[in-house]
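Understanding the architecture of this molecule
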Amino acid sequence: MGAFLRPGERQPGAFGISFDSDRDKNAAVVPTFNRNEKLALQEQRRRLPVFQHRREILYLVEHHATVIIVGETGSGKTTQIPQYLLEAGWCSHGRMVACTQPRRVAAMTVAARVAEETGSPLGQAVGYGIRFEDVSTPGTTQIRFCTDGVLLQEMLQDPLLTAYSVIMVDEAHERSLATDTLLGLLKKVQRRRPDLRVIVASATLEAERVAAFFDASTVRGAAAKAGDLSKQPAILSVEGRTHSVQIHYLEKPCSDYVRAAVQAAADIHREDMPGDILIFLTGQQECEDCVSMLEEEARKVRAGRAALRLMPVPLYAGLPAAAQLAAFEHSPRGYRKVVVATNIAETSVTIDGVVYVIDCCHSKQASYNPLTGLESLLVAPVSKASASQRAGRAGRMRPGHCFRLCTEADFQALHDATVPEMQRAELSGTVLRLKALGVDNMMTFDWLAPPPAETMVRALELLHALGALDASARLSRPTGQQLAELPVDARLGAVLLASVRLGCSEEAVTVVAMLSVHSVWAGAHGERKALEAAKAKFAVGEGDLVTYLNVWKAWQDSGRDRKWAARNFVNHRTLLRAADIRSQLCHHLRRLRIALESCDAEVSLLRKALTAGLLMNAVQLVDTANDISDPASAGINVYRILRSTGPGPPPKLRIHASSVLARTRPQWLVFWQMQQSSSGWFEMQEVTAVEPHWLPELAAHVYSHKGIRS
Ligand SMILES: Nc1ncnc2c1ncn2[C@@H]1O[C@H](COP(=O)(O)OP(=O)(O)OP(=O)(O)O)[C@@H](O)[C@H]1O
């Protein structure tokens, strides 16, 4: 790894950072919130920049239907504004204040912090709601943190969100699908509910644009006259941040940012600089690789005076809630915590003790091509807005440092903001939700930024193929209605509904739960061969998803034994999360009055149910042995997608090397995920071998027997 530079300066030492070490070490002591410290906590609340604006915020919320609040990371927007609203009486008459977050880990941890600040147990006055988990008490909870997806799901039961007096849409700059959809719907709800207040908050939001969306003319600050409620949105800027974060860049670009991150963490540790470390990487596998490299490092690195030991802790979406919360626990005495996270730790969260952020400056982003109808995940550079959110995770309790694993020149070339997900993602889930809420014409819906028309058409096609829409493109009953109510991707919902008809719902619900978490396998860096050998023990010719079922059964037979999982290169934490999701899904199916049934050894029924959900992802092997038109693809696995893919050359697909079918290459497949390789191949992950005649049997409106020939 190259050395880091401070802007315009060459620094001595590893990073050139010198600390007033005694003071900083003392600052690492974390508040425990005993009775004596409660006053200090209240004092800390008053020191946050947002406190200076408390009265102004309450005034604006009183007088404006919509308030847009822009403030630096750490200024106190998320934790304080809901409390100000509670104190000002916005939670009387049994109504709640909701604060939405794009990610569940933020909803959980911010709720825990605010519960502590208000002095009530979590789940009472302050609660949270995330997919598959609700920690709140009806009639008692006053402030509810939830993911924006959960609020959208709640709208199916309560379209006007009558349980809430104020909805604060936080971190709106992320422009997630759910955030953008929610903003459009809130604008509609406001017309029917003039009493509802909407706050849109972010550190780096295009405030004027959001204001223009909510109304054509805008009032600045507290310029509105007292009196009637103004429909014009108000914009408020919260100036000032609590602590400074010094940014460092690499002297030269690095080719392997995982290694560079490990090196940077080891250097901080060797220098004996006080404070915990937070590393941002792009995905689960990178995080697990980095954790095992850090464990190795921990064995060889001898820290200096403090003789601390490195304690790496992963933090990614596929972990069960309890494992995610481990990243937020205080480092045990004698240890320095290194949290290795994906972008789920990018916004809203405060990891107490973190002084250093190491940012790989990349993230995994969904990329959808409406022409081919294929969505893939791409590792791409982050935007400056994302990088500044990441840097904002340091400096929350005291001054911090952010080490960006790129040169300053490369950083300056990054985009200012991330492209809204609405413009680059597959939209069937969004369309399904809107249809369930009675929004039938997608083209006339009020979008903050309208999605591409082709993407919308593809989404309608998929929903039609799944039987979710009737002939007039309205939600079908019961299929469309049930799919909208199931808290999973529409395709996975269709797998579940088909499995009920086919008598294999016990197995399907397991597979769907395992697909809702990320990789089931736990292969650390340098253990690829051993992982492949372990996989081979469970692998079956039917494909990855039936293999998952075998893994699940064997893990259950072991009594969910952690050691069994480690021996078999199975990610125990991921399976625990899948188990959580499985039981929630069973609960949802029971609510829809669907009984579970097992097909025992008849896995062809399960494969057929999977085909019913993934039918738009059906592919056929192309004989390339004699293909001289494209010598690069001759003799290797090349598949063609069976449904139409629009004009232009058909996309080149192949099975990803991680699949258990990568070598056998069956003639007909359906796939779940897709990844695009640097050489332009679409690589299919989590594939299942299918019988071709199932396609016209299951979806005569998409496939004809004539078109499907072996
Ligand atoms: N779990 C926590 N433990 C300790 N301190 C915390 C915790 N959560 C928040 N804080 C303190 O409260 C401050 C304000 O946090 P808050 O999340 O409200 O800021 P914000 O303006 O919403 O920032 P961001 O946009 O980055 O989420 C933090 O800088 C930190 O000092």
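Quick caveat, the model's predicted, so the values are computed rather than measured.

Some details on the overall build of the chain
- Counting secondary structure elements, the chain contains 24 helices and 23 strands.
- The buried share of the chain, reckoned over its 710 residues, is 49%.
- Look at the contacts in the chain between residues 6 or more apart in sequence, and 72% of them connect residues 24 or more apart.

Brief notes about the site of the ligand
- In the vicinity of the ligand there are 21 residues, among which Thr-73, Gly-74, Thr-78, Thr-79 and Thr-350 approach most closely.
- Sorting the residues of the shell around the ligand by element identifies helix 4 (77-87) and helix 5 (104-118) as the ones contributing at least two each.
- In terms of residue count, the dominant contributor to the shell around the ligand is helix 4 (four residues).
- Counted by class, the shell around the ligand contains three nonpolar, 14 polar and four charged residues.

Regarding helix 4
- For helix 4, a buried count of eight out of 11 residues is recorded, marking the element as mostly surrounded by other parts of the structure.
- For helix 4, the full list of buried residues reads Lys-77, Thr-78, Thr-79, Gln-80, Ile-81, Pro-82, Leu-85 and Leu-86.

Quick look at the domain arrangement of the chain
- Examined at the domain level, the chain breaks down into domain 1 (4-21 + 242-421), domain 2 (48-238), domain 3 (434-602) and domain 4 (614-698).
- Put simply, the middle of domain 3 and the middle of domain 4, counted by C-alpha atoms, are 21 Å apart.
- In this assembly, 13 residues from domain 3 lie in contact with 12 residues from domain 4.
- Listing elements by their share of the side of domain 3 that touches domain 4, those giving two or more residues are helix 15 (453-465) and helix 20 (544-557).
- With four residues, the single largest contributor to the side of domain 3 that touches domain 4 is helix 20.
- In terms of residue class, the side of domain 3 that touches domain 4 is built from six nonpolar, three polar and four charged.

A closer look at the pairing of strand 19 (residues 618-621)
- Pairing geometry for strand 19 and strand 22 (residues 668-676), over three bridges, is antiparallel. Note on strand 22: the bridge partner recorded for Ala-618 is Val-670.
- Strand direction decides the pairing type here: strand 19 and strand 20 (residues 639-641), joined by three bridges, are antiparallel. Looking at the pairing, Val-619 lines up with Ile-641 of strand 20.

Things to note about unusual backbone geometry
- In this chain, Arg-477 is followed by Pro-478 through a cis amide linkage whose omega measures 0°.
- Among the secondary structure elements, Pro-478 is positioned in the loop between helix 15 and helix 16 (479-485).
- Although it is not a glycine, Arg-560 sits at a positive phi angle of roughly 50°.
- For Arg-560, the location among the structural elements is in the loop between helix 20 and helix 21 (562-567).
- We classify Arg-560 as partly exposed; it has 13 C-beta atoms within 10 Å.
- The phi dihedral of Phe-569 falls on the positive side, at around 55°, and the residue is not glycine.
- Along the chain, Phe-569 falls in the loop between helix 21 and helix 22 (572-591).
- Assessed through the 22 C-beta atoms surrounding it within 10 Å, Phe-569 is described here as buried.

A word on the environment of Ala-578
- Mapped onto the secondary structure, Ala-578 falls in helix 22.
- Overall, the presence of 26 C-beta atoms within 10 Å leaves Ala-578 in the buried class.
- Distance in space between the C-alpha atoms of Ala-578 and Val-702 is 32 Å, their sequence separation being 124 residues.
- Setting aside anything within four residues of it in sequence, one finds Ala-578 in contact with Ala-513, Met-514 and Val-517.

Things to note about the nonpolar core
- Ranked by internal contacts, the top residues of the largest apolar core, which has 215 residues, are Val-97, Ala-261 and Ile-279.
- When residues in this core are grouped by element, the largest group, nine residues, is from helix 9 (residues 257-270).
- In this structure Val-97 touches Pro-82, Leu-85, Leu-86, Trp-90, Cys-91, Gln-142, Ile-143, Tyr-164, Ser-165, Val-166 and Met-168, once residues within four positions along its chain are discounted.

Thoughts on the pairing of strand 22
- By the bridge criterion, seven bridges tie strand 22 to strand 23 (residues 682-689) in an arrangement that is antiparallel. Following the sheet pairing, Val-670 is matched in strand 23 by Thr-688.
- The hairpin turn running from strand 22 into strand 23, its antiparallel successor, is five residues long, and Gly-680 in that turn takes a positive phi close to 95°.

Observations regarding helix 14 (residues 428-436)
- For helix 14, the buried fraction is high: nine of the nine residues fall into the buried class.
- Of the surrounding secondary structure, the elements contacted by the buried residues of helix 14 are helix 6 (148-155), helix 7 (177-192), helix 15, helix 16 and helix 17 (490-502).

A look at the packing of helix 17 against helix 18 (residues 505-516)
- Relative orientation of the contacting elements helix 17 and helix 18 amounts to 170°, with a least axis distance of 8 Å. The orientation of helix 17 with respect to helix 18, classified from their angle, is roughly antiparallel. Packed against helix 17, whose contacting residues are Leu-492, Val-495, Leu-496, Ser-499 and Val-500, the element helix 18 presents Ser-505, Ala-508, Val-509, Val-512 and Leu-515 at the interface.
- Looking at side-chain class alone, the contact of helix 17 with helix 18 contains eight nonpolar, two polar and no charged residues.

Digging into the confidence of the model for the chain
- Confidence in the prediction for the chain averages 85 pLDDT; 88% of positions are at 70 or higher.
- In the predicted structure, residues 6-32 sits below a pLDDT of 50 and forms 35 contacts with residues beyond four places in sequence or in another chain.
- Note on residues 216-226: pLDDT under 50 across the span, and 19 contacts to partners over four residues away in sequence or across chains.
- Confidence metrics for the complex model read pTM 0.83 and ipTM 0.96.

Quick word on the environment of Leu-315
- Looking at the secondary structure, you find Leu-315 in strand 13 (residues 309-315).
- C-alpha of Leu-315 to C-alpha of Gly-127: the two residues are 188 residues apart in sequence and 22 Å apart in space.

Remarks on the packing of helix 9 against helix 10 (residues 284-300)
- At a closest axis distance of 10 Å, the pairing of helix 9 and helix 10 adopts a crossing angle of 40°. Regarding the angle of helix 9 to helix 10, the classification is oblique. Of the two elements, helix 9 crosses helix 10, and the hand of that crossing is right-handed. On the side of helix 9, the interface is formed by Val-258, Ala-261, Val-262, Ala-265 and Ala-266, while helix 10 contributes Glu-286, Asp-289, Cys-290, Met-293, Leu-294 and Glu-297.
- When its residues are assigned to classes, the contact of helix 9 with helix 10 shows eight nonpolar, no polar and three charged.

Points about the environment of Leu-502
- Checked against the element boundaries, Leu-502 lands in helix 17.
- For Leu-502 and Leu-606, which are 104 residues apart along the polypeptide, the C-alpha to C-alpha distance reads 7.9 Å.
- The residues contacting Leu-502, other than those within four sequence positions of it, are Leu-605, Lys-608 and Ala-609.

The rules behind each value
- Residues numbered from 1 in each chain as written.
- Predicted model: local features only at pLDDT ≥ 70, side-chain atom pairs only at ≥ 80, totals over all residues.
- Helix = DSSP H or I, 4+ residues; strand = E, 2+ residues; numbered from the N terminus.
- Buried ≥ 20, exposed ≤ 12 C-beta atoms within 10 Å, placed from the backbone.
- Contact = placed C-beta atoms within 7 Å.
- Near = placed C-beta within 6 Å.
- Nonpolar A, V, L, I, M, F, W, Y, C, P; charged D, E, K, R; others polar.
- Domains from an automatic or database assignment.
- Pairing = 2+ DSSP bridges.
- Core = buried A, V, L, I, M, F, W, Y, C linked by C-beta atoms within 7 Å.
- Axes fitted to C-alpha atoms, helices over the stretch in contact; angles between N-to-C directions.
- Parallel < 35°, antiparallel > 145°, perpendicular 65-115°, else oblique.
- pLDDT = per-residue confidence, 0-100.
- Left-handed = near helix turned anticlockwise from the far one by under 90°.

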